[in-house]
Amino acid sequence: MAVTSSELSPIVSGIVYCGVILGCQDAFELPRAQQWTAALTRWCEHQPDVVAFTGRCLLHRAEIMQLHGEWARALEEARRAGERQGMTQAGAGQAFYVRGDIHRLRGEHAAAEEAYRDASRCGREPQPGLALLRLAQGNGDAAAASIRRVVDEPSDRVARVRLLPAYIEIMLAVGDREEARVACSELEEIAEGYQSAMLGALVAQARGAVELTAGDAPAALTALRRAGQAWEELEAPYVAARVRELMGLACRALGDDDSAALELDAARGGFAQLEAAPDLARIDALILRTASDDSHGLTPRELQVLRLVAAGATNKAIAAELVLSERTVDRHVSNIFTKLRVSSRAAATAYAYQHQLV
């Protein structure tokens, strides 16, 4: 209260503002970091001569804007922060790193590469952003080597939390499920010492991705629902869209193709709004691949129903076999007729045998 009511000198106030914000970030207390950053912004507007603190203020604002999906504004704030007179080398390095992350998420790989290199010149470790950039460029081996190197170096718990989610993502991408599982367990163990919604969301998202890759779609979906709700409450649209994509894949693995389509479509809408070009391209390819596989556009459940229809089963018998309601089976049969462009069970049966679907 002494700081926010201007009872202290400008230098002391600036030190307290920045110290508290950094403390909130280290404790993964995003709401409090936002509140203090807003207060710092108002304070800086009345302290134009304290240039070092105005630079840090811009940087804190950029980091929060990035999380909230305001990427264009975050880029501009980070650029202004890095150019402020009196900005420390560490602060300038972090400003470059933030710019690198945003360029990477937008698919602007050359700009991201340059920003990460500038961050490194200022003494800021360019990982995990640079490793994630290599993964986005299709160089999984380089991504894995870089992230393994930095994860293997001694670091405190806060630094580990900032590395492990990317490490898990890269390990899953290159097929090293065991390393991803061990890292997920470490992340969960660290999180037990915090009461942070943000850290809880990171843990649930990581656990969901690991379980999905391991083939346990029900466990994955349970964790991912927790993560999705937390990210929505924290107003973090990009990671919320990433989670919905994973939820779509989990639903598809469980044979719930209607829900899978809804989740993937929601994820696509989030990526499109953010102009996250690499994610948008990936999910478009996923949707196209799902629609054009050798099932002739039928969902796994519809294929099950078609095979039973071809075997001569009635809708009532199919419902009993698959533990569904007759109304649900009626809907599946209707969808099958529409997708295969047939009008009878006999025609659907003939189509199934002709195209080797049974």
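A brief structural summary. Just so it is clear, the model here is predicted, and its values are computed rather than measured.

### Things to note about the packing of aromatic side chains
- Under the definition given, this model contains four aromatic pairs.
- Centre to centre, the rings of Y97 and Y116 are 5.5 Å apart; their planes meet at 55°, and the pair counts as tilted. Note that Y97 is positioned in helix 5 (residues 89-105) and Y116 in helix 6 (residues 109-121), a separation of 19 residues in sequence.
- Looking at Y97, the relative accessible area reads 6%, which means it is buried.
- With centroids separated by 5.9 Å and ring planes inclined at 55°, the aromatic side chains of Y238 and F271 adopt a geometry described as tilted.

### Side note on the pattern of salt bridges
- Under the counting rule described, the total for this entry stands at 27 salt bridges.
- One salt bridge connects E188 with R207, and the closest N-O pair in it is separated by 2.9 Å. Here E188 is found in helix 10 (residues 177-191), whereas its partner R207 is found in helix 11 (residues 197-214), with 19 residues between them in sequence.
- Judged by its relative accessible area of 25%, E188 is partly exposed.
- Its relative accessible area of 16% is what places R207 among the buried residues.
- With a shortest N-O distance of 2.7 Å, E245 and R282 are connected by a salt bridge. With E245 in helix 13 (residues 237-253) and R282 in helix 15 (residues 277-291), this pair connects stretches of sequence that are 37 residues apart.

### A closer look at helix 2 (residues 30-45)
- For helix 2, built from 16 residues, the straight-helix expectation of 22 Å at 1.5 Å per residue is met to within 8% by its first-to-last C-alpha distance of 23 Å.
- Within helix 2 the residues assigned to the buried category are L30, A33, T37, A39, L40, T41, W43 and C44.

### Topic: the environment of R149
- Within the secondary structure layout, R149 lies in helix 8 (residues 140-152).
- Measuring from C-alpha to C-alpha, the distance between R149 and Q127 comes to 9.8 Å, with 22 residues separating the pair along the chain.
- Polar contacts involving the side chain of R149 include one to the side chain of E125, which spans 3.2 Å.

### Quick look at the side chain of D257
- For D257, the location among the structural elements is in helix 14 (residues 257-274).
- Despite its burial, D257 remains without a salt bridge, the nearest opposite charge being carried by R252 at 5.7 Å.
- Excluding anything up to four places from it in sequence, D257 contacts R252, T299, P300 and R301.

### Here we look at the packing of helix 13 against helix 14
- Running from N to C, helix 13 and helix 14 point in directions that differ by 160°, and their axes come no closer than 8 Å. Here helix 13 lies roughly antiparallel to helix 14, going by the angle between them. As helix 13 packs across helix 14, the resulting crossing turns out to be left-handed. Residues P237, Y238, A241, R242, R244, E245, M247, G248, C251 and R252 of helix 13 form the contact with helix 14, whose own contacting residues are D257, S259, A260, E263, L264, A266, A267, G270, F271 and L274.
- Of the residues assigned to the contact of helix 13 with helix 14, the class counts are 11 nonpolar, three polar and six charged.

### What to know about the packing of helix 16 (residues 300-310) against helix 19 (residues 345-354)
- In the contact formed by helix 16 and helix 19, the axes pass within 9 Å of each other and the chain directions differ by 110°. Regarding the angle of helix 16 to helix 19, the classification is roughly perpendicular. Of the residues in helix 19, those touching helix 16 at L306, V309 and A310 are R345, A348, T349, A352 and Y353.
- Split into classes, the residues belonging to the contact of helix 16 with helix 19 amount to six nonpolar, one polar and one charged.

### Details of the side chain of R104
- Secondary-structure assignment places R104 in helix 5.
- Exposure remark for R104: the relative accessible area of 13% places this residue in the buried category.
- Side chain to side chain, R104 and D101 meet in a polar contact 3.2 Å long.
- Residues in contact with R104, not counting those within four places in the same chain, are H109, A112, Y116, G129, L132, L133 and P278.

What counts and what doesn't
- Residues numbered from 1 in each chain as written.
- Predicted model: local features only at pLDDT ≥ 70, side-chain atom pairs only at ≥ 80, totals over all residues.
- Heavy atoms only, no water.
- Phe/Tyr/Trp six-rings, centres within 6.5 Å; stacked < 30°, edge-to-face > 60°.
- Helix = DSSP H or I, 4+ residues; strand = E, 2+ residues; numbered from the N terminus.
- Buried < 20%, exposed > 50% of the residue type's maximum accessible area, 1.4 Å probe, protein only.
- Salt bridge = Lys/Arg side-chain N within 4 Å of Asp/Glu carboxyl O.
- Expected span 1.5 Å × (residues − 1).
- Polar contact = N/O pair within 3.5 Å; in protein donor to acceptor, adjacent residues only side chain to side chain.
- Lys, Arg positive; Asp, Glu negative; His and termini not counted.
- Contact = heavy atoms within 4.5 Å.
- Axes fitted to C-alpha atoms, helices over the stretch in contact; angles between N-to-C directions.
- Parallel < 35°, antiparallel > 145°, perpendicular 65-115°, else oblique.
- Left-handed = near helix turned anticlockwise from the far one by under 90°.
- Nonpolar A, V, L, I, M, F, W, Y, C, P; charged D, E, K, R; others polar.

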